[in-house]
2 protein chains.
Amino acid sequence: MARFTPLDQQSIKRQNRRRILEALRRSGPVSRAALARAVGLTKSTVSSLVQEMLEEGLLSEGGPHSAGPGRPGTRLEICGENTLALGVELGVEGTQIVLLDLSNRTHGAWGWAVSPETPLSERLCELAAEVQHHIPDPARLLGVGLTLPGVVNEQALLYAPGPGWRNERPAEMLEALLGLPVVVENDANAAAFGETFWEEHPSPLLYIVLTTGLGTGLVVDGQVYRGRFGAAGELGHWLSGQARSRKEAQDAEDTLSLRAMIKGYQATSGRNEDFWRLLEQARAEDPYAIAALDRLAWELGRFVANLCVAFDPAVVVLGGPGAEAWPWLESPLRRALRDLAFLPEHAELPVKPSAFGHLASAMGAAALVLQRFLADGGARLRSPPTSHRVPSLTVGA
Amino acid sequence: MARFTPLDQQSIKRQNRRRILEALRRSGPVSRAALARAVGLTKSTVSSLVQEMLEEGLLSEGGPHSAGPGRPGTRLEICGENTLALGVELGVEGTQIVLLDLSNRTHGAWGWAVSPETPLSERLCELAAEVQHHIPDPARLLGVGLTLPGVVNEQALLYAPGPGWRNERPAEMLEALLGLPVVVENDANAAAFGETFWEEHPSPLLYIVLTTGLGTGLVVDGQVYRGRFGAAGELGHWLSGQARSRKEAQDAEDTLSLRAMIKGYQATSGRNEDFWRLLEQARAEDPYAIAALDRLAWELGRFVANLCVAFDPAVVVLGGPGAEAWPWLESPLRRALRDLAFLPEHAELPVKPSAFGHLASAMGAAALVLQRFLADGGARLRSPPTSHRVPSLTVGA
DNA sequence: GTATATAGTTCGTCCGCTGAACTTACTAAA
DNA sequence: TTTAGTAAGTTCAGCGGACGAACTATATAC
C-alpha cells in the first residue's frame, strides 16, 4: 500500500508559490497587489512569498508601473536566467533541441539529421557532446526533457518501432552523461503537453502527430495521460479488419499516415516523390496531389470523429510534418467530422494545427522540466540556495 | 479564468479527515494508533480528528481490541447509519436500486422492469415514489446517485440512444422530487468507478459494458474520465469502414455486442432465441451457441487489444449481461489478446468479470455519492449537527 | 507483584495565512 | 503649490492545524 504523505503547511506554501509563478508566467510583469488578486491570496502573504523568491533569485523586480492614481506597483518578473530548461526531441530521422526558460523566452533552437538506424546510446552521446559544446555552464539548467518516438514507461523506453529500440534506459544514461536531471516522455505526449503549457486550451486536449506513422497524446487538466505502460494514444496501431495476428492485420497507420498518402499518390500519379515534393505539387494545383491530400483529410476526419467517442477531447491539435498540409486539410476534415460526428457538439470540435511546428516535441520536453519545477513551487532541484546571485548567462539565439 | 481557491489549513484538515475515513473503510475497525500509522499522521492529530468525528456521529467506538502486550486499542468504525447513499441505475429495460453505506454494508437491493419507451420524467416519478415508499426517513441519505445509458455532461443528459432521450435535466428533476442531492453519471462510468471504489484495482481501470450495445468507462487515479461532453468511452459508436455518413457506417456495436452475437447465432442455428436462452444452450454444449460465444470472445479480445493502444489500462473489467458468459469468453479472449497485443505486456493484461454483476451500475452510482462525501472530509452535506459547523468549535479541552 | 509494551491524551511549540493598521508614493483637483 | 484621494506594499498580532514530548492508562509476560 502506498505510503501516505499527508499535507503539511509547507505544501500549502509550495502550492501558493507555484500559483504565483504560474500567474507571473501567464500575465507577464505585474505588481504584488495584482498578483494577490490573481491568485486569491492576501497582499501580505504574497509579499512575504515574493520576498523569499526574490532572495532565491527566482524573481526579479522591474521598474515601477503606474496606472491611474495611487502608489505605482513594482513590476515582478520571473528570472529567466535561473529557470532554464532544455528540450530535446530524439526523432527517427533527426534530433531537435530548444533552450527555454519559465518566462516564455526561447534562448535557442537547433537540430540536425541522423541516420535512422543509429543506436540510442550513440544518439545520446552525440546529444551530450552537443550540449557540452553549445551551452555555456550547463549546470545552471533545471534539467533536460527528452522525447522518444515510442512507448515510455516510468522513464524507461519499452519499445520504439520506428528506430527499432527496445528496453532502454535513456534517462539514466543521459543523466550520467550530463549530470543533470532528465525527464523522458513519448514525443506525442510531450507535444500535447507543450501545447497546453504555452497556449490557452480547454481540457482535454488531444494532439495528433501525423508523420510517416500516426500517434496521439492526451493532456487532461494539465496532466499527461500515459496509461499503465505509456502506450496510451499509440493509435497508429489500432487494428481494423479480421486478421488473426498482428502481423497480418491492418492498422490505422496503413490508411492514415503520410506513408499511406504518399503510396496512394505514387500509385495514381505514377510519380515517385516524397511528402515535401507532394506539397509543392499541391501548391502548383496538381490534381493528384490535391486528391491525395483530400483523401488524407477525410481519413483524418474519420479518425477525429472516432476519437470523439473514445477520448471526447475539447480540442484537437494537429502536429508533425502532416500539419504543414493544413491549408488543404482543414475544410475536407471539417466536412468529414460533420458527417460522422456522434454528437452534434462534436461537429464543432475545434481542430487546429500546432502552434510550434517542427519544434513542438522539443518544446513539450522542455515544458515537462519546467512543469516539475513549478510543481515544487520553484524549489531548486539542484545546488541548494547558497550563492543565489550568479553571473548572468547568454546563449546564442 | 478559473477563480483560484488557495489551500488553507482547513483543506489540510479536510484532507486528513478524508484519509482517516478511507483507511477505516478499507481496513475495518482499527485503533487510533493503527490509524495514525496507516495515514502517516501523529497519534495526537488522529486523536483530535477522531474526537470530532465521534461527536459528529460519523464514527463510533467499539469494544477494546487486544493484540499482544500493551494497552488494548479502542476499535473505531464508520457509523453506517449516518453515511447512507442510494444508487440507482435507470437502464433501458429496467430500474435497479441499491442502498449502501460507507462501512461497505448493503442495506438493500431491488429492481423492476419497465417498458423501453417510457419517458424519462415518468421513470423519475416512478423512482421517487418507490424511494418514498420503501426507504424509512429518506432525509438521512447523503444523496442519490443516478446512472443513465447515455451521454451525461455536467449533470445533464445530452443523448441516450437506447431509450431515445435527448437534452434532459434529470438531476434537477429528481432533486426536486426527493429533496436530496443527486449525482448523475453515465452507466459504464459509474460501474467503472464502483469497481475501483470497492475493490482493489490498479489504475487506470477500464470497464466494458457488454449488453445489447457496447460502452466503456475509464477511471484514472480514482477519477472518472468523462471528456469534454461526457462522450468518452462511447466506443460502441467507433466507426469502421469507409462510409460517408454515420447512418450508412458500420460501428463497433455492429460486430461486438450481444445483439450482433445473437443475430449471428440465429442465422447459423435457425433458432430465434434471446441471450439467456443462448447461454442455456451453451451450458447444454450446443455447438451453435458455443461458436457464437467464441466469435463474441474473439471480437472482444480484438477490442481489448485495441483499447490497449488507446487507453492502455492496467486492468479491464467486463460487466453487463455479457459478463454472465465469462466462462465461455475467458480463454478465447485471452488467446486473441495474445495474438493481437501491441506490447508483450498487453498479452498479460488482467481481464476479469465485474464483482457486482447486474448491480454494478447502481453500486457505482451510490459510490459516487459516497466519494463526494469523502472528498469533503465527511462534512455533512445537509443538516449540520447542531453546534459544530458555524460556531467556533472547542477542540479537546 | 514487577517489567515491558502499546494506546490514547495533554499541552507547549511551530508554521503559514489572515486582517487591520500603517507607511509609501503616485494622481488630480483646488 | 498644496491637499485630498487612492492604491501598493509592509508590519505585526492572532488563529488554526499539525507536531512531538511527556504523561496516563491498561494490557501481557514472568
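Just so it is clear, the structure is predicted and the values come from calculations on it, not from any experiment.

Procedures and definitions
Residues numbered from 1 in each chain as written. Chains lettered and ligands numbered in written order. Predicted model: local features only at pLDDT ≥ 70, side-chain atom pairs only at ≥ 80, totals over all residues. Heavy atoms only, no water. Helix = DSSP H or I, 4+ residues; strand = E, 2+ residues; numbered from the N terminus. Rg over C-alpha atoms; globule rule 2.2 N^0.38 Å. Buried < 20%, exposed > 50% of the residue type's maximum accessible area, 1.4 Å probe, protein only. Contact = heavy atoms within 4.5 Å. Areas by Shrake-Rupley, 256 points an atom, 1.4 Å probe, with all protein chains shown as cover. Lys, Arg positive; Asp, Glu negative; His and termini not counted. Charge placed at Lys NZ, Arg CZ, Asp CG, Glu CD. Pairing = 2+ DSSP bridges. Near = heavy atom within 4 Å. Polar contact = N/O pair within 3.5 Å; in protein donor to acceptor, adjacent residues only side chain to side chain. Nonpolar A, V, L, I, M, F, W, Y, C, P; charged D, E, K, R; others polar. Arc of directions from axis to C-beta. Axes fitted to C-alpha atoms, helices over the stretch in contact; angles between N-to-C directions. Parallel < 35°, antiparallel > 145°, perpendicular 65-115°, else oblique. Left-handed = near helix turned anticlockwise from the far one by under 90°. Buried area = accessible area lost by both parts, 1.4 Å probe. Salt bridge = Lys/Arg side-chain N within 4 Å of Asp/Glu carboxyl O. Domains from an automatic or database assignment. Least-squares fit on C-alpha atoms with pLDDT ≥ 70 in both.

A. Spatial organisation of the overall build of chain A. Scanning chain A from terminus to terminus reveals 13 helices and 17 strands. Since a compact globule built from 397 residues should have a radius of gyration of about 21 Å, the 23 Å found for chain A is in line with a globular shape. Overall size of chain A, expressed as C-alpha extent along the three principal axes, is 70 × 50 × 50 Å. A burial count over chain A gives 57% of its 397 residues as buried. Put simply, 63% of the contacts in chain A that link residues at least 6 apart link residues at least 24 apart. Entry remark: accessible area of chain A is about 16800 Å², with carbon and sulfur atoms responsible for 50%. Between the centroid of the 38 positive side chains of chain A and the centroid of its 45 negative side chains there is a distance of 6 Å.

B. The arrangement of the sheet that holds strand β11 (residues 205-210) of chain A in detail. Residues and elements named next belong to chain A. Spatially, 5 strands are ordered β13-β12-β11-β16-β17 in an open sheet, and the strand pairing comes out mixed. At either margin of the open sheet sits one strand with a lone partner, and together these are β13 (223-224) and β17 (351-353). In this sheet, β17 lies alongside strand β16 (residues 315-319) in parallel orientation, the contact comprising 3 bridges. Note that in β17 the partner of leucine 318 across the bridge is proline 353.

C. Unusual backbone geometry, seen in detail. Residue and element names in this part refer to chain A. The step from serine 203 to proline 204 runs through a cis peptide bond, and the omega angle for that step is 0°. For proline 204, the location among the structural elements is in the loop between α6 (187-198) and β11. A positive phi angle, near 50°, is found at glutamate 154, a position not held by glycine. Of note, glutamate 154 is situated in the loop between β7 (151-153) and β8 (156-160).

D. Representation of the protein's contact with DNA strand D within the structure. Near DNA strand D there are 29 residues, and of these Lys43, Ser47, Gly70 and Thr74 of chain A together with Gln9 of chain B occur at the shortest range. The share of sugar and phosphate among atoms of DNA strand D within 4 Å of the protein is 63%. Within the contact set of DNA strand D, a phosphate oxygen lies 2.8 Å away from a side-chain nitrogen or oxygen of asparagine 16 of chain B. Glycine 70 of chain B places a main-chain nitrogen or oxygen 3.2 Å from a base nitrogen of DNA strand D. Those elements that place two or more of their residues in the surface near DNA strand D are α2 (32-39), α3 (43-55) and β2 (73-78) of chain A together with α1 (9-27) and α3 (43-55) of chain B. No other element matches the 5 residues that α1 of chain B contributes to the surface near DNA strand D. In the surface near DNA strand D, the residues fall into 7 nonpolar, 16 polar and 6 charged.

E. Summary view of helix α5 (residues 170-178) of chain B. All names here are of chain B. Every buried residue of α5 is listed here: Pro170, Ala171, Leu174 and Leu178. In a view along the axis of α5, the buried residues occupy a sector of 95°, so they form one face of it. Contact partners of the buried residues in α5: α4 (120-134), β6 (143-148), β8 (156-160), β9 (165-168) and β10 (182-186).

F. Structural view of the packing of helix α10 (residues 287-310) of chain A against helix α11 (residues 326-340) of chain A. Residue and element names in this part refer to chain A. Packing of α10 against α11 brings their axes to within 7 Å, and their N-to-C directions diverge by 40°. Our classification of the angle between α10 and α11 gives oblique. Here the hand of the crossing between α10 and α11 comes out right-handed. On α11, the residues that touch Ile290, Leu293, Asp294, Leu296, Ala297, Trp298, Leu300, Gly301, Arg302, Val304 and Ala305 of α10 are Trp328, Leu329, Pro332, Leu333, Ala336, Leu337 and Leu340. Of the residues in the contact of α10 with α11, the class split is 15 nonpolar, 1 polar and 2 charged.

G. Quick peek at the sheet that holds strand β3 (residues 84-90) of chain B. All names here are of chain B. Spatially, β5-β4-β3-β6-β10 is the arrangement adopted by the 5 strands of the open sheet, whose pairing is mixed. The strands lining the two open edges of the sheet, one partner per strand, are β5 (106-113) and β10. With strand direction ignored, the average angle separating the axes of adjacent strands in the sheet is 15°. Bridge count for β3 against strand β4 (residues 94-101) is 7 bridges, and the pairing is antiparallel. Paired with leucine 86 across the bridge in β4 is leucine 99. In the packing of helix α6 (residues 187-198) onto the sheet, the strands contacted are β4, β6 and β10, and the crossing angle to β10 comes to about 105°.

H. Focus on the interface of chain A and chain B. Each partner contributes residues to the interface: chain A has 66 residues there, and chain B has 66 residues. Summed over both sides, the interface between chain A and chain B buries roughly 5800 Å², with carbon and sulfur atoms accounting for 62% of that surface. If you look at where chain A meets chain B, you find 0 salt bridges. Secondary-structure elements contributing two or more residues to the side of chain A that touches chain B are α1 (9-27), α2, β8, β12 (214-220), β14 (239-240), α10, α11 and α12 (344-347) of chain A.

I. Examining the packing of α1 of chain B against α3 of chain B more closely. Residues and elements named next belong to chain B. It is at 11 Å that the axes of α1 and α3 come closest, and there the two elements cross at 80°. It follows that α1 is roughly perpendicular to α3 by the angle criterion. Residues Lys13, Asn16, Arg17, Ile20 and Leu21 of α1 pack against Val46, Leu49, Glu52 and Met53 of α3.

J. Representation of the protein's contact with DNA strand C within the structure. If you check the shell around DNA strand C, you find 30 residues, and the closest are Gln9 and Asn16 of chain A together with Lys43, Ser47 and Thr74 of chain B. Sugar plus phosphate: this is where 66% of the atoms of DNA strand C within 4 Å of the protein reside. Take glutamine 9 of chain A: an N or O atom from its side chain is 2.4 Å from a base oxygen of DNA strand C. A distance of 3.0 Å separates a phosphate oxygen of DNA strand C from a polar atom in the backbone of alanine 33 of chain B. Of all the secondary-structure elements, those providing two or more residues to the surface near DNA strand C are α1 and α3 of chain A together with α2 (32-39), α3 and β2 (73-78) of chain B. Here the surface near DNA strand C is composed, by residue class, of 8 nonpolar, 16 polar and 6 charged.

K. Main features of the domain arrangement of chain A. Residue and element names in this part refer to chain A. Domain assignment breaks chain A into domain 1 (9-78), domain 2 (84-193 + 359-375) and domain 3 (200-354). Each of domain 2 and domain 3 has a C-alpha centre, and the two are 25 Å apart. Taken together, the contact pairs 16 residues of domain 2 with 20 residues of domain 3. Of the roughly 1200 Å² buried between domain 2 and domain 3, counting both surfaces, carbon and sulfur atoms make up 54%. Our count for the contact surface shared by domain 2 and domain 3 stands at 1 salt bridge. When the shortest N-O distance is used, the salt bridge between glutamate 185 and arginine 226 registers 2.6 Å. Counting across the interface, domain 2 meets domain 3 through 2 residue pairs in polar contact (both at pLDDT 80 or more). Elements represented by at least two residues in the side of domain 2 that touches domain 3 include exactly β7, β10 (182-186), α6 and α13 (360-375). If one sorts the elements of the side of domain 2 that touches domain 3 by residue count, α6 sits on top with 5 residues. Looking at side-chain class alone, the side of domain 2 that touches domain 3 contains 10 nonpolar, 5 polar and 1 charged residues.

L. Up close: the relation of the copies chain A and chain B. Mapping chain A onto chain B calls for a rotation angle of 180° and an axial translation of 0.0 Å; the resulting RMSD is 0.0 Å. The two molecules are tied by a two-fold rotation axis, judged by turn and shift. With an isologous cut-off of 70% or more, the 100% of interface residues of chain A that recur at the interface of chain B puts this contact in the isologous class.

M. Region of the structure containing the environment of tryptophan 298 of chain B. By secondary structure assignment, the location of tryptophan 298 of chain B is in helix α10 (residues 287-310). Sequence separation between tryptophan 298 of chain B and leucine 329 of chain B is 31 residues, and the spatial gap between their C-alpha atoms is 8.1 Å. Non-local contacts of tryptophan 298 of chain B, meaning those with residues more than four positions away in its chain, are made with Gln242, Ala243 and Arg244 of chain A together with Ala336 and Leu340 of chain B.

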